[in-house]
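# Analysis of the macromolecular model
So you can see what is in the structure, the chains are spelled out below.
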Amino acid sequence: MAEAGKAAPSARLDFHAAGTRTFLHLLGNTLLTSVINFTVWFAITFYVYLETRSVFASAMIAGLFLVMTAFTGIWFGSLVDHHSKKTMMLLSGAASFVLYLVCFAIYQSVPAATFKDPTSVTLWVFVTLLMLGVIAGNIRTIALPTLVTFLIPEDRRDKANGLVGTASGVSFLVTSVISGVLVAAGGMFYVLLLAMAVLLLATVHLWLTSVPSGKVELAEGEVPEPKQVDLRGTIKVIRGVPGLIALILFTTINNFLGGVLMALMDPYGLSLVSVEVWGFLWGFLSAGFIIGGLVIARVGLGKNPVRTLLLVNVTLWTITGVFTIQASLALLVGGLFLYMCLIPFAEASEQTILQRVVPYHRQGRVFGFAQSVEQAASPLTAFLIGPIAQFIFIPFMTTGAGVDLIGGWFGTGQDRGIALVFTLTGIIGLILTLGAMGTKYYRGLSERYLHTPAPADAEAG
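Residues numbered from 1 in each chain as written. Predicted model: local features only at pLDDT ≥ 70, side-chain atom pairs only at ≥ 80, totals over all residues. Heavy atoms only, no water.

### Considering the overall build of the protein chain
- Looking only at helices and strands, the protein chain has 17 helices and 0 strands in total.
- Taking the contacts inside the protein chain whose residues are at least 6 apart along the sequence as the reference set, 86% of them involve residues at least 24 apart.
- Total accessible area on the protein chain is roughly 18,800 Å²; 68% of this is exposed by carbon and sulfur atoms. (Helix = DSSP H or I, 4+ residues; strand = E, 2+ residues; numbered from the N terminus. Contact = heavy atoms within 4.5 Å. Areas by Shrake-Rupley, 256 points an atom, 1.4 Å probe, with all protein chains shown as cover.)

In structure tokens:
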């Protein structure tokens, strides 16, 4: 372990170590389930938009997903801390399977015209159940970084987190291609069949994989924590780390703005190309995730991931402000590809910071709390931005004053209304990030990370 005040050089991952081998099995299993859950999410977004042609409906799907994420994160984190992580990952897959099976029955039993009406109650019951199936997979995204802490030595965790980013990239790469092709071939029929088959396969693999319990031995006289959500205790831990609340707040604000991309990117892309082309484009773009993750796995995040996180966000918001400034597919693809390359750096930086400054036995709840709070902002954006884009920005750039003001160089039409939302979002995000770099909270968290030894690793249980 590095001495306080010094940053030890990051060692390479030892792929022959037992902990690393177990981590790779879990990473591969999580990759398999993430692929199928993201496929369902992408597919239902594509499918509903293509059936209803409603930007509002696609924004509601994004909002529904993020609301569920926000309200379940703290609970999921408590389950991960208080129960066997392998058991919780198995239950996650089982819940998704059952929900997808119910949705398959609904899809086969109602008239096709039901899914063309954006006001159909059956449509939204179907969407909600699908989103619950996808959300159940979030238990894995909370459990996996805590297992990185348990299985991987501290000086190698940033690189393991980079491999997690690579796995996310692979999942997006495969997902976007699969979902576009399957929706074009048979709506949601083949999507749901594939989802159930893959989840069965992943469950069998995880069942056969030996995973340590990850329990922490209590010190003499220490009283076991009650098996409850314990929000008050989690907040106390977070408040005890200088700048950690500010980090979560910063990410929350970023997600508030990032909800714009989530809600409007598919309608924007589908206004330019067919669903098949858009799916294959996302496959290419998601290779950026893989590249970024592999770079982290190779060179790490530098001695101060807090600084890395903020510098990455400066670049991300700059890209957001310019990648749709003209109606150019090349500009869109180039900007998004660079954006995807940098996302793993932001995600791995936050995970590495939390793994260092938060005690292991609290990490599930802190990761869950961070997920809930950070994602709570995006639903508001997703719910608001659909109507705002539909009824303000699109008319503004189609028949409104924007046509005369900036239409001559920016372009006009529905896609340019959405593009204007992206440009304004990038400018706001850049201003906020530059402001955050000058605060005492940034300096405080940096000092805490650099000058405090990492918490002791958990004992194998």
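### What about the side chain of Lys85?
- Locating Lys85 in the fold gives a position in helix α3 (residues 85-109).
- Within the buried core, Lys85 has no salt-bridge partner, and the shortest N-O distance to an opposite charge, that of Asp81, equals 4.9 Å. (Buried < 20%, exposed > 50% of the residue type's maximum accessible area, 1.4 Å probe, protein only. Lys, Arg positive; Asp, Glu negative; His and termini not counted. Salt bridge = Lys/Arg side-chain N within 4 Å of Asp/Glu carboxyl O.)

### As for a nonpolar patch on the surface
- On the surface, Leu249, Ile253, Ile428 and Leu432 cluster together into a nonpolar patch covering about 330 Å² of accessible area.
- At the level of secondary structure, the elements contributing two or more residues to the nonpolar patch comprise α9 (244-270) and α16 (414-436).
- Of note, Ile253 is situated in helix α9.
- Relative accessible area serves as the criterion here: at 34%, Ile253 is assigned to the partly exposed category. (Patch = residues over 30% accessible without salt bridge, like charges linked within 9 Å, V, L, I, M, F, W, Y side chains within 5 Å.)

### Points about the packing of aromatic side chains
- What the rule picks out here adds up to 15 aromatic pairs.
- With a centroid separation of 6.0 Å and an interplanar angle of 80 degrees, the aromatic rings of Phe42 and Phe46 are classed as edge-to-face. Pair noted here: Phe42 and Phe46 are both in helix α1 (residues 18-52), with a separation of 4 residues, about one helical turn. Note on accessibility: Phe42 and Phe46 belong to one class, buried.
- Judged by centre distance (5.7 Å) and plane angle (55 degrees), the ring pair of Phe323 and Phe422 falls under tilted. (Phe/Tyr/Trp six-rings, centres within 6.5 Å; stacked < 30°, edge-to-face > 60°.)

### What about the confidence of the model for the protein chain?
- Mean pLDDT over the protein chain: 80, with 85% of residues reaching 70 or higher.
- Low pLDDT, under 50, characterises residues 455-461; the stretch is placed with 16 contacts to residues that sit more than four places away or in other chains. (pLDDT = per-residue confidence, 0-100.)

### Describing helix α2 (residues 55-82)
- For α2, spanning 28 residues, the distance from its first C-alpha to its last is 41 Å, which sits close to the expected 40 Å at 1.5 Å a residue.
- Most pronounced at Thr72, the bend in α2 amounts to some 45 degrees. (Expected span 1.5 Å × (residues − 1). Bend = angle between axes of the 7 residues up to and from the residue.)

### Re the environment of Ile431
- Tracing the backbone through its elements, the reader meets Ile431 in helix α16.
- Sequence spacing of Ile431 and Trp317 is 114 residues, and the spatial spacing of their C-alpha atoms is 8.9 Å.

### Quick look at the pattern of salt bridges
- A full pass over the atoms with the stated rule returns 1 salt bridge.
- Between Glu51 and Lys116 there is a salt bridge; the shortest N-O distance is 2.9 Å. One end of the pair, Glu51, is in helix α1; the other, Lys116, is in the loop between α3 and α4 (121-136), with 65 residues separating them in the sequence.

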